[in-house]
Amino acid sequence: DTGVSQNPRHKITKRGQNVTFRCDPISEHNRLYWYRQTLGQGPEFLTYFQNEAQLEKSRLLSDRFSAERPKGSFSTLEIQRTEQGDSAMYLCASSQSRDRSYEQFFGPGTRLTVL
Amino acid sequence: AQSVAQPEDQVNVAEGNPLTVKCTYSVSGNPYLFWYVQYPNRGLQFLLKYITGDNLVKGSYGFEAEFNKSQTSFHLKKPSALVSDSALYFCAVREEPGGSYIPTFGRGTSLIVHP
């Protein structure tokens, strides 16, 4: 499968714990995006990378959220000291900057439940 | 600033009937418009996009959308609905030039096709 993959698909954690999600983009895509989606809402943009550079991170929800893409391939999203309000679907998408429309291809998402 | 509105939370249609899912947008420049579909517990799947050219855009699974600049709309249509089309549909917009390359998504419209 050459699409965007995300792991794990589901994560249940207790409040206060740290969690990390992984996203593997389509191999030839140099842009990678993270979104959060809550019930009844569309995807809410969090951050994005072009290659290994994080070009926009001001919309990360708090300083508990951080993302990395160290070698310009896969990316991780970490949430520290999780809160019940962090429960949501976390979506990753990728695109190719040569495609001027920047059409994004989405992964299946990681569903986080914070107890 | 860019924004998108999906005025209907839910659309109900009988199988075999035509369907329309509405989307209106607001941008300062030219719009790049997208429709995505999301099935339960899945990521978003791309349906179609409008960048430039013909106002009627054809996409996956028999869907099409009509770009109307004067009404700032990009409604999704299908001539004959299938039960399997039941899903959540998201419209997204990105403005060009000068945009942030990040699309803004609507809240989504739940399409229910009745047998």
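Use the structure listed above.
Source: prediction; values computed, not measured. (Residues numbered from 1 in each chain as written. Chains lettered and ligands numbered in written order. Predicted model: local features only at pLDDT ≥ 70, side-chain atom pairs only at ≥ 80, totals over all residues. Heavy atoms only, no water.)

## Brief notes about the overall build of chain B
Step number 1: Helices and strands together make up the secondary structure of chain B, namely zero helices and twelve strands.
Step number 2: Ordered by position in the sequence, the α and β elements of chain B form the string β-β-β-β-β-β-β-β-β-β-β-β.
Step number 3: For 115 residues, the compact-globule estimate of 2.2 N^0.38 gives 13 Å, and the C-alpha radius of gyration of chain B, at 14 Å, lies within 12% of that figure.
Step number 4: Once the C-alpha set of chain B is aligned to its principal axes, its extents read approximately 45 × 30 × 20 Å.
Step number 5: When the 115 residues of chain B are sorted by exposure, 46% land in the buried category.
Step number 6: Contacts spanning at least 24 positions in sequence make up 57% of the contacts within chain B whose residues lie at least 6 apart.
Step number 7: Where the 9 positive side-chain charges of chain B centre and where its 9 negative ones centre are 3 Å apart. (Helix = DSSP H or I, 4+ residues; strand = E, 2+ residues; numbered from the N terminus. Rg over C-alpha atoms; globule rule 2.2 N^0.38 Å. Buried < 20%, exposed > 50% of the residue type's maximum accessible area, 1.4 Å probe, protein only. Contact = heavy atoms within 4.5 Å. Lys, Arg positive; Asp, Glu negative; His and termini not counted. Charge placed at Lys NZ, Arg CZ, Asp CG, Glu CD.)

## Concerning the interface of chain B and chain A
Step number 1: Counting residues at the interface gives 21 residues for chain B, matched by 23 residues for chain A.
Step number 2: At the boundary of chain B with chain A, total buried surface from both sides reaches about 1800 Å², with 51% on carbon and sulfur atoms.
Step number 3: Here chain B and chain A share one salt bridge between them.
Step number 4: Of the charged contacts in the structure, one is a salt bridge between Lys49 of chain B and Glu103 of chain A, with a shortest N-O distance of 3.2 Å.
Step number 5: Sorting the residues of the side of chain B that touches chain A by element identifies strand S5 (30–38), strand S6 (44–50) and strand S10 (87–96) of chain B as the ones contributing at least two each.
Step number 6: Among the elements that line the side of chain B that touches chain A, the one with the most residues is S5 of chain B, at four residues. (Buried area = accessible area lost by both parts, 1.4 Å probe. Salt bridge = Lys/Arg side-chain N within 4 Å of Asp/Glu carboxyl O.)

## Details of the nonpolar core
Step number 1: In this structure, Trp35, Leu47, Leu48, Phe74, Leu76 and Tyr89 of chain B are the most contacted members of the largest nonpolar core, which totals 27 residues.
Step number 2: Put simply, the parts of the chain that give this core at least two residues each are strand S2 (10–14), strand S3 (19–21), S5, S6, strand S8 (64–68), strand S9 (73–78), S10 and strand S12 (109–114) of chain B.
Step number 3: The dominant element in this core, judged by the number of residues it contributes, is S10 of chain B, at four residues.
Step number 4: Core analysis: the next-biggest nonpolar cluster, separate from the first, contains 19 residues, Val4, Ala67, Cys92 and Leu112 of chain A among them. (Core = buried A, V, L, I, M, F, W, Y, C linked by side-chain atoms within 4.5 Å.)

## So, the layout of surface pockets
Step number 1: Size it by volume and the largest pocket reaches roughly 430 Å³.
Step number 2: As for the largest pocket, its lining consists of 23 residues, of which Gln37, Leu39 and Arg111 of chain A together with Gln38 and Leu88 of chain B are closest to the centre.
Step number 3: Those elements that provide at least two residues to the lining of the largest pocket are strand S9 (88–95) and strand S11 (110–114) of chain A together with S10 and S12 of chain B.
Step number 4: For the lining of the largest pocket, the residue count by class is eight nonpolar, eleven polar and four charged.
Step number 5: In this structure, the second largest pocket spans a volume of roughly 290 Å³.
Step number 6: Every residue lining the second largest pocket is counted, 17 residues in all, and those nearest its centre are Gly3, Val4, Phe106 and Gly107 of chain A together with Leu44 of chain B.
Step number 7: Those elements that place two or more of their residues in the lining of the second largest pocket are strand S10 (105–106) of chain A together with S6 of chain B. (1 Å grid on protein atoms, 1.4 Å probe; cavity = no way out; pocket = protein on both sides within 12 Å on 5 of 7 lines; lining within 4 Å. Points joined across faces, edges and corners; volume = space filled by probe spheres on them. Nonpolar A, V, L, I, M, F, W, Y, C, P; charged D, E, K, R; others polar.)

## A few points about the state of the cysteines
Step number 1: What the rule picks out here adds up to two disulfides over all chains.
Step number 2: Here Cys23 of chain A is linked by a disulfide to Cys92 of chain A, with a sulfur-sulfur distance of 1.8 Å. Around the S-S axis, the bridge from Cys23 of chain A to Cys92 of chain A shows a dihedral of about -65° and counts as left-handed. Of this pair, Cys23 of chain A sits in strand S3 (residues 19–24) while Cys92 of chain A sits in strand S9, placing them 69 residues apart in sequence. Pair check on accessibility: Cys23 of chain A and Cys92 of chain A agree, each one buried.
Step number 3: Covalently, Cys23 of chain B is tied to Cys91 of chain B through a disulfide, its sulfur atoms 2.0 Å apart. One quick way to see it: the torsion about the S-S bond of Cys23 of chain B and Cys91 of chain B is about -65°, and its sign makes the bridge left-handed. (Disulfide = S-S within 2.5 Å.)

It is worth stressing that arrangement in space is one thing and function is another; only the former is reported here.
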